[in-house]
Amino acid sequence: YTCAIDGHSELYCFGQDFQNRVSFTPGEISAEPNWQAVVCGPNHLCARNLRDEIWCTGEEEGFPGGSGGSLVALVFVQISADSISLGLSHSCVVNSTGELWCYGSNFFGQIKDTQTQAFPVGVQVEPQRTWRSVAAGLFHTCAIDSQNALFCFGNAEMGQIPTLNENRVGLTEINVPPLQSVQTYLATTCGLTLNDELICYGDNSFGQLATGQVRNLYGSVQVALNAPGEGDAKSIAAGSSHTCVTT
């Protein structure tokens, strides 16, 4: 599915919804036209209104404060978030003071490495560290701290965390150059360095890492953009089986 906010701050979505219904035309999510940003996950979405309130809809298990696997309509979520990212059934946010909080399923350690139960009320990740941004994948999470270092935790079976092929990895600093941003989706991770270079690793089943091959990468690789004018990477976006870059 796809969501967008129009010039009147109205939020629309179309495609297959969380009840497997398909809409071929945009449908308005809320009658209140006051939205400024939206983030889409595989099973839930969250949006920020002009009052900086976070509202979510979809599979409740992944919500901050969610209590189960039921589907819910758009509800207010009492969190503060400058950066928010949604995995399959977990959510992570970085707030205005640089704290990283994660909520929801923890089966693979995607929100806390020492336990497996869900955390609907949230858990703070590495409280002594200041965080800038976060990206939640299917069963893993990556975040950039105030020193532009990349840390990841959760499932690493497809190389989405470039360590040994493991089911569950605790918070690990990744040996890559300092990053300005990171994107994850399903089991692919890509980062944009301070020198505007693109590095990626993880699931490459459909060539989404642009290596010319279709095997997973268990270590980071710099992606050659081969763009007209040899432009540097400016932004990245990852989908379920593809990656896009602006130069």
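Data block above holds the structure.
One structure accompanies this document, and this report is about it. Quantities reported herein were computed from a predicted structural model and do not represent experimental measurements.

## Looking at the environment of Val 72
- Considering the arrangement of structural elements, one finds Val 72 in strand S7 (residues 71-77).
- Residues Val 72 and Gly 58, 14 residues apart in the sequence, show an inter-C-alpha distance of 5.5 Å.
- With near-sequence residues (within four places) excluded, Val 72 lies in contact with Thr 57, Gly 58, Glu 60 and Phe 63.

## Some remarks on the state of the cysteines
- Following the criterion strictly, the structure yields five disulfides and no others.
- Note on cysteine connectivity: Cys 46 is disulfide-linked to Cys 56, with sulfurs 2.0 Å apart. Because the sign of the S-S torsion sets the handedness, a value of about 105° for the bond joining Cys 46 and Cys 56 places this disulfide among the right-handed ones. In this pair, Cys 46 sits in strand S5 (residues 44-49) while Cys 56 sits in strand S6 (residues 54-59), placing the two residues ten residues apart along the sequence. One exposure class covers both Cys 46 and Cys 56, and it is buried.
- No disulfide involves Cys 40; its sulfur sits 3.8 Å from that of Cys 3, the nearest cysteine.

## Here we look at the environment of Ala 4
- Here Ala 4 lies in strand S1 (residues 2-5).
- The sequence separation of Ala 4 and Ala 37 amounts to 33 residues, and the corresponding C-alpha distance is 8.5 Å.
- If sequence neighbours within four positions are ignored, Ala 4 has contacts with Glu 10, Leu 11 and Tyr 12.

## A look at the sheet that holds strand S4 (residues 35-40)
- The strand order across the open sheet formed by four strands is S4-S5-S6-S7, and the pairing between neighbours is antiparallel. Lying at the two open borders of the sheet, with one neighbouring strand each, are S4 and S7. Here the strands of the sheet are splayed against their neighbours by 15° on average, with no regard to which way each runs.
- Sheet analysis places S6 next to S7, joined by five bridges and oriented antiparallel. For Ile 54, the partnering residue across the bridge sits in S7 and is Val 77.

## Here's the deal with the pairing of strand S9 (residues 90-94)
- Of all five residues making up S9, five are buried, and the element is well covered by its neighbours.
- Judged from the four bridges that link them, strand S8 (residues 83-86) and S9 form a sheet pairing that is antiparallel. Residue pairing across strands places Ser 85 opposite Cys 92, the latter belonging to S9.
- Linking S9 to strand S10 (residues 100-104), which pair antiparallel, is a turn of five residues; within it Gly 98 sits at a positive phi near 85°.

## Some details on the pattern of salt bridges
- For the coordinates displayed, the defined rule picks out three salt bridges.
- Among the ionic pairs, Glu 53 bridges to Arg 51, the shortest N-O distance being 3.3 Å.
- Given the relative accessible area of 49%, Arg 51 is considered partly exposed.
- Here Lys 234 and Asp 196 are joined by a salt bridge, their closest N and O atoms 3.3 Å apart. Note that Lys 234 is positioned in the loop between strand S19 (217-222) and strand S20 (235-238) and Asp 196 in the loop between strand S17 (188-193) and strand S18 (198-202), a separation of 38 residues in sequence.

## Some points on the packing of aromatic side chains
- Enumeration over the complete set of coordinates arrives at three aromatic pairs.
- Here Phe 107 and Phe 108 contribute two aromatic rings whose centre-to-centre distance is 5.0 Å and whose plane-to-plane angle is 80°, an arrangement assigned as edge-to-face.
- According to the relative accessible area criterion, Phe 107 is exposed, its value standing at 56%.
- Under the relative-accessibility criterion, Phe 108 is labelled buried at 13%.
- Ring centres of Phe 108 and Phe 139 lie 4.5 Å apart, and the angle between their planes is 40°; this geometry places the pair in the tilted category. Here Phe 108, found in the loop between S10 and strand S11 (119-125), pairs with Phe 139, found in the loop between strand S12 (131-136) and strand S13 (140-145); they are 31 residues apart in sequence, far enough to count as distant.
- The class of Phe 139 is partly exposed, set by a relative accessible area of 23%.
- Ring-pair connections join several aromatic residues into one group, and the members of that group are Phe 107, Phe 108 and Phe 139.

Cut-offs applied
- Residues numbered from 1 in each chain as written.
- Predicted model: local features only at pLDDT ≥ 70, side-chain atom pairs only at ≥ 80, totals over all residues.
- Heavy atoms only, no water.
- Helix = DSSP H or I, 4+ residues; strand = E, 2+ residues; numbered from the N terminus.
- Contact = heavy atoms within 4.5 Å.
- Disulfide = S-S within 2.5 Å.
- Buried < 20%, exposed > 50% of the residue type's maximum accessible area, 1.4 Å probe, protein only.
- Pairing = 2+ DSSP bridges.
- Axes fitted to C-alpha atoms, helices over the stretch in contact; angles between N-to-C directions.
- Salt bridge = Lys/Arg side-chain N within 4 Å of Asp/Glu carboxyl O.
- Phe/Tyr/Trp six-rings, centres within 6.5 Å; stacked < 30°, edge-to-face > 60°.

Spatial relationships are all this shows, so hold off on functional conclusions.
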